[in-house]
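Summary of structural features
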Amino acid sequence: FFRKIRYNLMSENKTGKYLKYAIGEIILVMVGILLALQVNNWNESRKERAQETILLKQLLTDFNSNLKQLDQKISFRKDFMNSSKQLFKYIDDPNLRDKDSIDIHIAKTMPYATFDPIINDLASSGELNLIKNTDLKHALSRWSSEINDVIEDETIWKKYRNEQYFPFLIKHYQLRTIRSNAYKANILGLYSLKIGENNEAYSKDDIGVSNHKEDFNALLNHPDLEDHLTRCYTINSWANVQSDVLRKRIEEIIALIENEITND
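Conventions and cut-offs
Residues numbered from 1 in each chain as written. Predicted model: local features only at pLDDT ≥ 70, side-chain atom pairs only at ≥ 80, totals over all residues. Heavy atoms only, no water. Core = buried A, V, L, I, M, F, W, Y, C linked by side-chain atoms within 4.5 Å. Buried < 20%, exposed > 50% of the residue type's maximum accessible area, 1.4 Å probe, protein only. Helix = DSSP H or I, 4+ residues; strand = E, 2+ residues; numbered from the N terminus. Contact = heavy atoms within 4.5 Å. Salt bridge = Lys/Arg side-chain N within 4 Å of Asp/Glu carboxyl O. Axes fitted to C-alpha atoms, helices over the stretch in contact; angles between N-to-C directions. Parallel < 35°, antiparallel > 145°, perpendicular 65-115°, else oblique. Phe/Tyr/Trp six-rings, centres within 6.5 Å; stacked < 30°, edge-to-face > 60°.

1. Focus: the nonpolar core
Counting residues in each nonpolar core, the largest one holds 28 residues, and the members touching the most others are Ile106, Met110, Tyr165, Leu169, Leu220 and Leu225. Going through the elements one at a time, α2 (15–92), α3 (99–108), α6 (148–172), α7 (175–184), α8 (216–221) and α9 (223–262) are the ones with two or more residues in this core. Not counting residues within four places of it along the chain, the set of residues in contact with Leu225 comprises Ile91, Tyr165, Phe168, Leu219 and Leu220. Within the second largest apolar cluster, 24 residues are counted, among which are Leu122, Leu128, Ile253 and Ile254.

2. Some remarks on the pattern of salt bridges
For the structure on display, the rule yields 7 salt bridges. Close ionic contact of Lys159 with Glu163 constitutes a salt bridge, the shortest N to O distance being 3.0 Å. In this pair, Lys159 and Glu163 both sit in helix α6, 4 residues apart, roughly one turn of the helix. Judged by relative accessible area, which is 47%, Lys159 ranks as partly exposed. Judged by its relative accessible area of 48%, Glu163 is partly exposed. A salt bridge links Arg247 to Glu251; the shortest N-O distance between them is 2.6 Å. In this pair, Arg247 and Glu251 are both assigned in helix α9, 4 residues apart and thus about one turn of the helix distant. Take Glu251: its relative accessible area is 36%, and that puts it in the partly exposed class. Among the ionic contacts, a cluster of salt bridges with common partners joins Asp71, Arg247 and Glu251.

3. What to know about the environment of Gln164
Mapping Gln164 onto the fold places it in helix α6. A residue is classified by how much of its surface remains accessible, and Gln164, at 41% relative accessible area, is partly exposed. Sequence separation of Gln164 and His228 is 64 residues, and the distance between their C-alpha atoms is 8.2 Å.

4. Here's the deal with the side chain of Gln242
Secondary-structure assignment places Gln242 in helix α9. With a relative accessible area of 17%, Gln242 lands in the buried category. Discounting residues that sit within four places of it in the chain, Gln242 has contacts with Asp149, Val150 and Asp153.

5. Observations regarding the packing of α3 against α7
One can describe the packing of α3 onto α7 by two numbers: an axis separation of 9 Å at closest approach and a directional angle of 85°. Comparing the axis directions of α3 and α7 gives the class roughly perpendicular. Facing α3, whose interface residues are Lys99, Asp103, Ile104, Ile106 and Ala107, α7 presents Thr177, Ile178, Asn181 and Ala182.

6. Side note on the packing of aromatic side chains
Inspection of the entire model under this criterion finds 3 aromatic pairs. For the ring pair Trp157 and Tyr160, a centre distance of 6.0 Å and an interplane angle of 25° mean the geometry is stacked. On the criterion of helical spacing, the pair formed by Trp157 and Tyr160 is a turn pair, its members being 3 residues apart in helix α6. Overall, the relative accessible area of 9% leaves Tyr160 in the buried class. Their ring planes at 45° and their centres at 6.1 Å tell us that Trp157 and Tyr165 sit as a pair that is tilted. These aromatic residues form a ring-pair network of at least three members: Trp157, Tyr160 and Tyr165.

Structure (structure tokens):
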């Protein structure tokens, strides 16, 4: 059709009209190219937005899981701290001492809590570029570094527990009875990998009680026990302070993600 028009204009020697027509045809082609590019850009943007939505929903699931696990670890540390305080009362007032209660509270100071969050390295995978919200992008890029303070405090208590607190208890008391009572009270069941579930299988373990002398008064009167319990309380207390800061960060990230998904 266009070729026929050009032929007629040239054969009729209408050069001016031909030039005008040629310019118009060039403009028409350029408009077509620009429209095609616009449609292609729209399609690419739509695909990227769909990928971003999938990523945001996965991140929302991950950070809700991280929040739930962090709350669990905070609760565990509060148990360690509360048992330490109860043992301080027994140290300060011998009239309050009860062996079964002492054994249970010592058992509750022996574990450690380890926060093991889901960490998606979005920067190295390139997926961080899919996220358009600048505040969310910055929060996610800082996430992996912000958990270090909590993990460092957990590591400090774990190391101290293994290298100093445990050897002290082994030397000055009988851990068999403590562990046996802990099994029966299902204390360890609370530390199941299934967050929020109390694994009752632990309560079925029975290793019996020690045949050796267990002098809880001598243990409570030993000056080093007070120092060990102080370390238990202060390290886990500071870990919870750091955890509370981290908890706010997680809540901020969740709110930003939910807002992005809602506005999609």
